[in-house]
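# Descriptive structure summary
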Amino acid sequence: MMRHFLDLAPAGPDGLRAILDEAHRRKRLRAGWPKGQVDADAPLAGHVLGMIFEKPSTRTRFSFDMAIRQLGGSSIVSSAGEMQLGRGETIADTARVLSRMVDALMLRTSSHAKLDQLAEFATIPVINGLTDLTHPCQVLADIMTFEERAGRPVEGSTWGYVGDGNNMTNSLIEAASLLKFDLRVGVPHGMDPDAGIMATACARGGCIGLYHTPEEAMVGADVVVTDTWVSMGQKDSEAKMAACRPFQVNDALMARANRGAIFLHCLPAHRGDEVTDSVMDGPQSAIWDEAENRLHVQKAILLWCLDKIG
Ligand code: CP
């Protein structure tokens, strides 16, 4: 069976644990090495990752590119607009062609249906580099960061997410139900996360609370997470910004979480909107480790997709 990484659920708890353990292990093994040096076992030597971006990216683009290089392989990166995709060639035909040329594909797109279609017609693994619905690679990097800082597995911890109910929220909900941590989501009215993802996670036994105040999301939180209030491609609405304003992560809100809680943000951040400088740059912030961990997690995802682990 082809191992696509379109969302967290198909990998299941065992697959996700295998990916996280491998990310931790490889990070430890190459501590202090030059970034361009290939891992000693070069497990993906000779392999090529194709990446297609329909939306801007800094972290996803650089981390996947460095990931495949450190595993001994190489990459081809393209924006959809530079490809025949942008002139109407179908996703299905693109999938068929690129499957003959590269070993795995990563797509960043607005449309989750487009990602599903790429996977349907590809004969190589397809990875979700963010859609409007989910951002599974980012959430695994967040979990890795918590485990590194806390020195224990994510299971049994409590996370508080505040802000817009978006693709990050949806993937956190999925992750919480699979890896058995508690998630408290605080969003303004009308900005709830995806109802279908929430229902599936709860049916799976996930312990997920949905609130409409930021304070309720902070109760017992070991991790405080937020994201930009206006996602890529959305219109910057004054009404939305005003509704989100009480959900800003600032020192007062952080003080409501557990002592020693860490702060995470997938970045890019809008300093002064969803988070203050004092939290971003403060002692509880783990955002730079979180960004670096995108690289280590992408390596493990690639290895899982190509059947080298798990
Ligand atoms: N967090 C994240 O996906 O960053 P980029 O948009 O820079 O890839």
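This report concerns the structure included in the present document. (Residues numbered from 1 in each chain as written. Predicted model: local features only at pLDDT ≥ 70, side-chain atom pairs only at ≥ 80, totals over all residues. Heavy atoms only, no water.)

Here we come to the overall build of the chain. Tallying secondary structure elements over the chain gives 12 helices and 9 strands in all. Relative to the globule expectation of 19 Å for 310 residues, the C-alpha radius of gyration of the chain, 19 Å, shows essentially globular dimensions. Overall, the C-alpha framework of the chain stretches about 55 × 45 × 35 Å when taken along its three principal axes. In the chain, 74% of the contacts between residues at least 6 apart in sequence involve partners at least 24 apart. Surface summary for the chain: the accessible area is close to 12700 Å², and the carbon and sulfur share equals 53%. (Helix = DSSP H or I, 4+ residues; strand = E, 2+ residues; numbered from the N terminus. Rg over C-alpha atoms; globule rule 2.2 N^0.38 Å. Contact = heavy atoms within 4.5 Å. Areas by Shrake-Rupley, 256 points an atom, 1.4 Å probe, with all protein chains shown as cover.)

Across the sheet, which stays open at both edges, the 5 strands sit in the order β7-β6-β5-β8-β9 with parallel pairing between neighbours. The sheet is open, and its two borders are formed by β7 (208-211) and β9 (262-265), each paired with just one other strand. The sheet shows a mean angle of 20° between the axes of neighbouring strands, taken without regard to direction. Sheet analysis places strand β5 (residues 158-162) next to strand β8 (residues 223-226), joined by 4 bridges and oriented parallel. Paired with Tyr161 across the bridge in β8 is Val225. (Pairing = 2+ DSSP bridges. Axes fitted to C-alpha atoms, helices over the stretch in contact; angles between N-to-C directions.)

Time to look at the site of the ligand. With respect to spatial proximity, the complete set of residues near the ligand consists of Ser57, Thr58, Arg59, Thr60, Arg108, His135, Gln138, Cys266, Leu267 and Arg294. Contacts to the ligand include Thr60, whose side-chain N or O atom sits 2.8 Å from an oxygen atom. A distance of 2.9 Å is found between a nitrogen atom of the ligand and a backbone nitrogen or oxygen belonging to Leu267. About the coverage of the ligand: the protein hides 96% of its 260 Å² of free accessible area. The class makeup of the residues in the shell around the ligand is 2 nonpolar, 5 polar and 3 charged. (Near = heavy atom within 4 Å. Polar contact = N/O pair within 3.5 Å; in protein donor to acceptor, adjacent residues only side chain to side chain. Nonpolar A, V, L, I, M, F, W, Y, C, P; charged D, E, K, R; others polar.)

Pro268 follows Leu267 through a cis peptide bond whose omega is 5°. Residue placement: Pro268 occurs in the loop between β9 and α11 (277-280). A positive phi angle, close to 70°, is found at Leu267, a residue other than glycine. By the secondary structure assignment, Leu267 is in the loop between β9 and α11. Of note in the backbone geometry, Asp307 takes a positive phi value of approximately 65° without being a glycine. Structurally, the position occupied by Asp307 is in the segment after α12 (287-305). Accessibility expressed as a relative area gives 54% for Asp307, which makes it exposed. (Buried < 20%, exposed > 50% of the residue type's maximum accessible area, 1.4 Å probe, protein only.)

Within the secondary structure layout, Asp103 lies in the loop between α3 (91-99) and β3 (104-108). Separated by 94 residues in sequence, Asp103 and Ile197 place their C-alpha atoms 30 Å apart. Apart from residues lying up to four places away in sequence, Asp103 is in contact with Gly46, His47, Val48, Ile124, Pro125 and Leu306. A distance of 2.7 Å separates a polar atom in the side chain of Asp103 from the backbone nitrogen of Val48.

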